[in-house]
Amino acid sequence: MKQYRTHLLVCAGTGCVSCGSFKIKEALEKEIKAKGLDREVQVVATGCNGFCERGPIVMVQPDGIFYQLLKIEDVPHLVEEHLLKGRPVKKLMYVPPAEKQPVPKMKDIEFFKHQRLIVLRNRGRIDPEKIEEYIAFDGYEAMGKALSGMTPAEIVDEITFAGLRGRGGAGFPTGKKWAICAAEKATPKYLICNGDEGDPGAFMDRSVLEADPHAVLEGMVIGAKAIGASKGFVYIRHEYPLALKRMEIAIGQARDNGLLGEDILGTGFDFDLEIVQGAGAFVSGEETALIASVEGRIAMPRQRPPYPAHKGLWGKPTVINNVETWATVPNIIRRGSDWFQGLGTDTSKGTKIFSLVGKIANTGLVEVPMGITLREIVYGVGGGIPDKRDFKAIQIGGPSGGCLPAKLLDLPVDYESLTAAGAMMGSGGMIVMDDKTCMVDVAKYFLNFLQDESCGKCVSCREGTQRMYEIVKGITEGKGKESDLDLLEEVANVCKDASMCALGQTAGNPILTTLRYFRHEYEAHILDKRCPAGVCKALIRYVVLAEKCTGCQSCKKACPNDCIKGTLKDIHLIDQIRCIKCGACKEACKFEAIEEQREEAIQII
Amino acid sequence: MITFRMNGLEVQAEEGSTILDTAKFYGLAIPTLCHHEGLTEFGGCRLCVVEIGEGLRSKLVSSCTYPVEPGLVVRTDSARVWKSRRMMIELMLAMAPGSKVLQDLASKYGVTKVRFAPRDGQCVLCGLCTRICAEQMDAQAIGFQQRGHKRKISTPFDMRSEVCRLCGACMYVCPACQLRCQGPRAETALCNACLAMAPSCLEHYDDLQCWMYDAGRCGTCVQDKKS
Amino acid sequence: MAGKTKLRIQDLAKIREKTKSLMTIRESEGRARVTVHMGTCGIAAGARDIMDTLLEEIGKANIPDVVVTTSGCAGLCNAEPMITVELKGQPPVKYGHLTPDKMRKIFVKHILGGQMATDLVLAVGSETVY
């Protein structure tokens, strides 16, 4: 642990950034290193503290001194006088006003303060339908640099050194993929942006496409120069009408301004983009199925090799990357691979966007540095579980991922750790579950999704998901047998092993992770015919407790299916055959006379 | 020629051929169902899976679709492969228990139980019929519909086809339609009767009497009913 | 900036300076800038009603120095509909969980009156851009 004697806190909120605070930060770092102070003084970027009209702001701690309205020319003098000689520079100082109003600052709110925005840097501050606003925040600057000042090999090298890995789920090194395609001789070459976000509960790509479509365009033009592509396709699922509309407007505006099409920015480079709408299948997010879909064929994966980088769209070399990956590229080119390397872990660099949903106080989109722990996400950024309930599990990676229990909350979020735990980073969906969630029911939900969405080619996946669903459904209905658990595990493992594409290869994960970490819940369903979370309706009964019933008829009136018999002041009775287990009677009863009971705890009256 | 290893042996194959082609050439038996020499590869039945690679990076791939690469390490009969093959047979039997081809595969690979509720279907969605109709008969009268658990093979919009010439190629190539077993009918989804065959005719004759017909046609050699 | 003009790299820098000065309230002519967040989450939660209310109030008050603009999702989706109000000389303020009534209150107290409606404030300042 390095002990710095001084910290320079450079404000990196919107206001200061638009006044050049990043350049000031870089100048400070350079000057500090030149003066040999880099072991003693650390420069840190912080969120906005509110003094926006005085930016760029640099605060020196522990001295507690504010420097304001800084310019790059001030930096050498500042470093020399204050840091080297210990004499604060009066003419640059500002005395902060006394706090009159107790309002929370963005940089102090848990949800915002842990986030580091790279891909989402323009969120909430630009109108995505106005290209000039994107340009105002350094938009297309990276593209200009790449097209006029860098060779294709230099671009590929930057992306490789930065350590960017595909954000679609597999985490394949982007630079490597680009290098493979760049080396191919066949033309024309193509680029594809995979915007077919199919995971239930994930909306990261949708948000980027809606809020900052130009970031994706810029990334693709840079990629086109790097690999030598002439045409690109943005594949957006048709369930995202706003994203489709905004992307169409963005492409139109970019073309009109010579930022897309022929002779981009007058550099002689040609590249154009077309939007392709998805047709409603989860499997078309798989790269070879997506290529088939763009070619107008049914979205069914094919054997790889050959990989799309060698032979992709129409048999030509193609690079397919996720929306988030493309949107990260301009930032790396603009600010350098060294900057990107500064965030994240050794193997997983940069940030990742997660859609944090489920039983969590702060639902939304969070962009956090790789390596942050699950606990920090759930209890820090997420604000914990609402209604004072207990955390039970967090589902990461959609139907291809897995459920991790409370004991793994200190796991750092990066590609390797999550895979080792049995889950998967996936595209970034994070569903938080509390103790009122039944894990067997969750597995059933995902298997139902997978059996619907499997393309149906491979017996292992098509039949495997159907049979796994059948068995788990039976378990939730109280028909489970002891041998079911071993059979489930066997089918899940074979499905993983023998299937051709990633859908099938990860279809076993919902079962395997829930069996690994929540086996006791399955056993309760099978052996005790009991659902510990109280979710599986077939395993609970609603019964009127004779000693508490006052005969007030509230339950009878609440029942939607006429299941309760009883006259006024008489003890009521629930007809178990008609009962649909909706629970309305229990809610209506003011005397706590209706109880949820386990199947076998019933006494026949 | 591309050189690689299969089951520890060094083998050579022409570029563009598949692992299955090479295995056949060298006489290694890999079971197939949806593969047919005259048709394009599909890779759907997953019976032909083999293990490639070594250590933690080994994985199963369908040998009928995987092109040969220099330096490949292939194992056609590893434990992982056998586990998958057996499960594929079990899953397909649960779809179409009446298929002789599947019942024979079950007996050959030692599948002795079907642990799933049998559906009395007659199709395993191997796609041979759609491919022979499109590629050999140039008709394209039938194809796959839907995906996932709703997948089926039919004519467009389930309507009577105008391009079907009633050639019967689809029936000819279908593994579920092929000559049904002539032995005693099984009572459960899985027969396995020929696993326990003991030809009684050899006690009286010097030759097996059913050498011109399918084994078991006279029904006398299947001694033990599967218990 | 409309129409078909083929830009060059130096043009980008010019547009950047010009648009930035329009957008950062301190240098532009407007007195206040209100951003209504209209990502899918905002629209689903009722951002269009909030926008309508805001424009209605501006029309009624007949003040020309308020810039209204839209943006995408601001990140904290369960607090939608959200707006960001930025007055000259003050840090940007985010308001969440809005209804047309709350919008009117904020319009009167903050946009017209120049004082934050503290009981409705979600946060002050902007996020950390890395």
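Relevant structure appears above.
Everything quoted here is computed from the prediction, not taken from an experiment.

(A) Here's a closer look at the pattern of salt bridges. Residue and element names in this part refer to chain A. Taken as a whole and judged by the stated rule, the model has 52 salt bridges over all chains. Measuring nitrogen to oxygen at the nearest pair gives 2.9 Å for the salt bridge that ties R375 to D410. Of this pair, R375 sits in helix α15 (residues 374–381) while D410 sits in the loop between β14 (402–405) and α16 (415–420), and the two are 35 residues apart along the sequence. Assessed through its relative accessible area of 35%, R375 is described here as partly exposed.

(B) Representation of helix α10 (residues 213–227) of chain A. Between its terminal C-alpha atoms α10(A) stretches 22 Å, which fits the 21 Å expected from 15 residues at 1.5 Å a residue. Among the residues trailing α10(A), A:G228 stands out with phi positive, at a value near 85°.

(C) Expanded view of the sheet that holds strand β7 (residues 229–236) of chain A. Residue and element names in this part refer to chain A. As summarised here, the arrangement of the 5 strands in space is β8-β9-β7-β6-β10, forming an open sheet in which the pairing is mixed. Among the strands making up the open sheet, the edge pair consists of β8 (261–264) and β10 (318–322). Averaged over all adjacent pairs, the angle separating strand axes in this sheet is 25°, with direction ignored. The sheet contact formed by strand β6 (residues 189–195) and β7 spans 7 bridges and is parallel. Bridging from a neighbouring strand, C193 pairs with V234 of β7. Strand contacts of helix α13 (residues 323–335): β6 and β10, with the helix running at about 95° to β10, the strand carrying the most contacts.

(D) Geometry of the packing of helix α8 (residues 174–183) of chain A against α10(A). Residue and element names in this part refer to chain A. One way to put it is that α8 packs onto α10 with a least axis distance of 8 Å and a crossing angle of 50°. When the axis of α8 is compared with that of α10, the two are oblique. Residues W178, C181 and A182 of α8 form the contact with α10, whose own contacting residues are G223, A226 and I227. For the contact of α8 with α10, a count of residues per class yields 5 nonpolar, 1 polar and no charged.

(E) Summary view of the interface of chain C and chain A. Residue-level contacts link 52 residues of chain C with 71 residues of chain A. Regarding the contact of chain C and chain A, the summed buried area is about 5,200 Å², with carbon and sulfur atoms giving 58% of it. At the boundary of chain C and chain A, one finds 3 salt bridges. The shortest N-O distance in the salt bridge between A:E141 and C:R16 comes to 3.7 Å. Linking chain C with chain A are 16 residue pairs in polar contact (both at pLDDT 80 or more). Put simply, the parts of the chain that give the side of chain C that touches chain A at least two residues each are α1 (9–23), β1 (32–37), α2 (40–45), β2 (66–71) and β5 (121–124) of chain C.

(F) Representation of the state of the cysteines in the model. On inspection of all chains with the given rule, the structure shows 0 disulfides over all chains. Cysteine A:C579 remains unbridged, with the sulfur of A:C563 as its closest cysteine sulfur at 5.4 Å. For A:C579, a relative accessible area of 15% puts it in the buried group. A disulfide-free cysteine, B:C167 has its sulfur positioned 6.2 Å from the sulfur of B:C170, the nearest such atom.

(G) Geometry of the interface of chain B and chain A. Taken together, the contact pairs 34 residues of chain B with 32 residues of chain A. Taken together, both faces of the contact between chain B and chain A bury some 2,900 Å²; the carbon and sulfur share is 54%. For A:E453, the salt bridge goes to B:R147, with nearest N and O atoms at 3.0 Å. Put simply, chain B and chain A have 20 residue pairs in polar contact (both at pLDDT 80 or more) between them. With 9 residues, helix α2 (residues 79–95) of chain B is the largest single contributor of residues to the side of chain B that touches chain A. Taken together, the residues that form the side of chain B that touches chain A break down as 17 nonpolar, 7 polar and 10 charged.

(H) Structural detail: unusual backbone geometry. The step from A:P305 to A:P306 runs through a cis peptide bond, and the omega angle for that step is 5°. Along the chain, the position of A:P306 falls in the loop between α12 (287–294) and β10. For the peptide bond that leads from C:E80 to C:P81, omega is 0°, which places it in the cis range. Tracing the backbone shows C:P81 in the loop between β2 and β3 (83–87). Positive phi outside glycine occurs at A:W314, with the angle close to 50°.

(I) Molecular detail of the nonpolar core. Counting residues in each nonpolar core, the largest one holds 123 residues, and the members touching the most others are A:Y140, A:W178, A:V216, A:F271 and A:L404. Broken down by element, the residue count for this core peaks at 9 residues, all from α10(A). Not counting residues within four places of it along the chain, the set of residues in contact with A:F271 comprises A:L191, A:M220, A:V221, A:A224, A:A229, A:S230, A:K231, A:G232, A:L260, A:G261 and A:I264. A:A281, A:F449, B:C45 and B:L190 belong to the second-largest nonpolar core, a separate cluster that totals 75 residues.

(J) Highlighting the pairing of strand β2 (residues 9–13) of chain B. Residue and element names in this part refer to chain B. Pairing geometry for strand β1 (residues 2–6) and β2, over 5 bridges, is antiparallel. Bridging across to β2, M6 finds its partner in L9. The loop that links β1 with its antiparallel partner β2 comprises 2 residues; one of these, N7, has a positive phi angle of about 50°.

Quick notes on the rules
Numbering of residues starts from 1 in every chain and runs along the sequence as written. The order in which chains are written sets their letters, starting at A; the order in which ligands are written sets their numbers, starting at 1. Reporting in this predicted model follows two pLDDT cut-offs: at least 70 for local features of residues, and 80 or more for side-chain atom pairs to be given and counted; totals over whole chains, interfaces and linings ignore these cut-offs and use all residues. Side-chain numbers come from the whole structure's heavy atoms, not from hydrogens or water. In the sections that follow, a salt bridge refers to a side-chain nitrogen of Lys or Arg positioned within 4 Å of a carboxyl oxygen of Asp or Glu. Secondary structure elements follow DSSP: runs of H or I no shorter than four residues count as helices, runs of E no shorter than two count as strands, and numbering proceeds from the N terminus. For every residue, the accessible area obtained with a 1.4 Å probe (protein chains only) is divided by the maximum for its type, and the residue is called buried under 20%, exposed over 50%, and partly exposed between those limits. Helix span is expected to be 1.5 Å times the residue number reduced by one. Note on pairing: two strands pair once DSSP finds at least 2 bridges between them. Here an axis means a line fitted to C-alpha atoms, over the contact stretch when the element is a helix, while the angle between two N-to-C directions is reported on a 0 to 180 degree scale. Any two residues whose heavy atoms approach within 4.5 Å at even a single point are treated as in contact. Small angles under 35 degrees read as roughly parallel and large ones over 145 as roughly antiparallel, with 65 to 115 read as roughly perpendicular and the rest as oblique. Charged means Asp, Glu, Lys or Arg here, nonpolar means Ala, Val, Leu, Ile, Met, Phe, Trp, Tyr, Cys or Pro, and polar covers whatever is left, Gly included. Two parts placed together each lose some accessible area; with a 1.4 Å probe, that loss summed over both constitutes the buried area. Contacts described as polar in this section are N or O atom pairs within 3.5 Å, which, within protein, must combine one atom able to donate a hydrogen with one able to accept it, while residues neighboring in sequence count only if both atoms come from side chains. Any two cysteine sulfur atoms lying within 2.5 Å of each other are counted as a disulfide. For our purposes a nonpolar core is just a set of buried Ala, Val, Leu, Ile, Met, Phe, Trp, Tyr and Cys residues, chained together by side-chain atoms within 4.5 Å.

Keep in mind these values describe shape, not function.
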